Amino acid sequence: MSHSYINQIQHQVYYQILNGDALKQRFPQSIDGEIIVARECLVDGNVQGNNFESLMKNRASFISQYPACTSEDYRLNTIPEFKKIIELTATSEINCWFEDDLFCQVNFWYVLFLLSQQPRHNALFLVRPNAGNEYSFGHMSDAELEIAFKNRMPISREHLAILGQLWPSYQINDHSKLMQIAKFFNVEFPFLLPAVNAHIARSPDESGLGYPERVLLEIINEQETPTFSAAFRAFHQKMAIYSFGDLQVKAMYDRLMKVKP
């Protein structure tokens, strides 16, 4: 065994890329590694940008439109986390913790893209929730999270090169390319196809509304006295594949209330 290989093993660093702060707050201490949080909601808003700097600028501007969110917060709390991903060394083992819903998947696609752009050969894995909790690590116990980590799925360099194309395809809304990649990985990563289908369903129909908006409008029309809290709960139950947060659903709700007959 060469000295260089021994040194590589000794200096290997473990990273856990998490899908949000909720998982970070209760992440099992038994699982080693430095934590990086993909603190974004790329499923919503402006995702244009031909490079990292332009995308981050557009995202900071978009996020600042949300109540209690500012561009400065984005620069301080989100951009540095993505920069950590860009700067990971070749001796790192990277574990990506992402759920199967579209909200999580789009963030995962961007992480995969960043990793695919680096000339390195990291050990890369995906950690998924267990059966029944596909859209929520939050409902899993520490023991279940530990089992999910042990069952993590390897992502080869060859597969990463293909998966990394999900993000640019999403940016330009190339449904054909997204579907092609999802079908290619339907055996290894069966969660991709439902997520891609959910995204495609957001395309407006003749009414000008995408499927999530049409469902939310039905929920609003079924209420005698529409309230956002009740509509959000019903939407979350019916549309778990999207896992939109209250900010995303509130934006849709407000738009629909303005045009509601």
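Preceding block: the structure.
Asker: I would appreciate a short explanation of the environment of Q180 in the present structure.
Answerer: Here Q180 shows up in helix α10 (residues 175–184). In this structure the C-alpha to C-alpha distance between Q180 and E81, which are 99 residues apart in sequence, comes to 30 Å.

Asker: Looking at this model, I keep getting lost on the sheet that holds strand β3 (residues 92–97). Mind explaining?
Answerer: For sheets, the rule is that strands pair by backbone hydrogen bonds, running either parallel or antiparallel. Strand order in this open sheet of five strands is β2-β1-β3-β4-β5, and the pairing throughout is mixed. Of all strands in the sheet, those bounded by a partner on one side alone are β2 (34–37) and β5 (153–154). Relative to strand β4 (residues 123–127), β3 runs parallel, the two sharing five bridges. Bridge pairing links C96 to L126 in β4. Sitting on the sheet, helix α5 (residues 79–86) touches β1 (13–18) and β2, and the angle it makes with β2 is about 125°. Docked against the sheet, helix α7 (residues 142–150) engages β1, β3 and β4, running at close to 125° with respect to β3.

Asker: Would you explain the side chain of E93 in this entry?
Answerer: In this structure, E93 sits in strand β3. The exposure class assigned to E93 is buried, which follows from its relative accessible area of 8%. When residues no more than four places from it in sequence are discounted, the contact partners of E93 are Q12, V13, Y14, Y15, A123, F125 and R152.

Asker: Which parts of the structure should I look at to understand the pairing of β1?
Answerer: On a regular strand, one side chain projects to one face of the sheet and the next to the other, so that they alternate. Where β1 and β3 come together, six bridges link them in parallel fashion. By the bridge assignment for β3, Q16 is matched with N95. For β1 and β2, the ladder comprises four bridges, and the chain directions are parallel. When the sheet's bridge partners are listed, L18 is paired in β2 with V37.

Asker: Help me understand the pairing of β4 in this model?
Answerer: Judged by how many residues are buried, β4 sits mostly within the fold: four of five residues are covered. Of the crossover connections in this fold, the one passing from β3 over helix α6 (residues 102–116) to the parallel β4 is right-handed.

Asker: What is the right way to look at the packing of aromatic side chains in this model?
Answerer: For any pair of aromatic rings, the description consists of the separation of the ring centres together with the inter-plane angle of the planes. Applying the stated criterion across every chain, the model contains 17 aromatic pairs. Aromatic side chains F235 and F244 sit 6.3 Å apart centroid to centroid with 10° between the ring planes, which places their arrangement in the stacked category. The exposure class of F235 is buried, given its relative accessible area of 1%. Of the residues examined, F244 reaches a relative accessible area of 7% and is grouped as buried.

Asker: Would you take a moment to explain the nonpolar core for this structure?
Answerer: Soluble globular proteins tend to pack their nonpolar side chains together in the buried interior. Core analysis: the largest hydrophobic core is formed by 71 residues, its most contacted members being F82, C96 and W109. If you tally residues by element for this core, the top one is α6, at eleven residues. Discounting residues that sit within four places of it in the chain, C96 has contacts with I17, F108, V111, L115, L124, F125, L126 and V127. Listed in part, the eleven residues of the second largest apolar core include W97, V127, F137 and L145.

Calculation notes
Residue indices begin from 1 for each chain and proceed along its sequence in written order. Reporting of local features is limited, given that this is a predicted model, to residues whose pLDDT is at least 70; pairs of side-chain atoms are given and counted only at 80 or more, and all residues count toward the totals for whole chains, interfaces and linings. Only hydrogens and water are set aside when side-chain values are computed; all heavy atoms of the structure are taken into account. What counts as a helix is a DSSP run of H or I of at least four residues, what counts as a strand is a run of E of at least two, and both are numbered from the N terminus. When DSSP finds at least two bridges between two strands, those strands are taken to pair. When checking whether two residues touch, look at their non-hydrogen atoms; a contact exists if any pair is within 4.5 Å. Orientation is described by axes fitted as lines to C-alpha atoms, over the contacting stretch for helices, and by angles from 0 to 180 degrees between their N-to-C directions. Burial classes follow relative accessibility: with a 1.4 Å probe on protein chains only, a residue under 20% of its type's maximum area counts as buried, one over 50% as exposed, and anything between as partly exposed. Orient the strands so they point away from the viewer; a crossover is then right-handed if the path from the first strand over the helix to the second runs clockwise. Here a pair means two rings of Phe, Tyr or Trp (six-membered ring of Trp) with centres within 6.5 Å. Their orientation is stacked below 30 degrees between planes, edge-to-face above 60, and tilted elsewhere. In this text, buried Ala, Val, Leu, Ile, Met, Phe, Trp, Tyr and Cys residues form a nonpolar core when linked through side-chain atoms within 4.5 Å.

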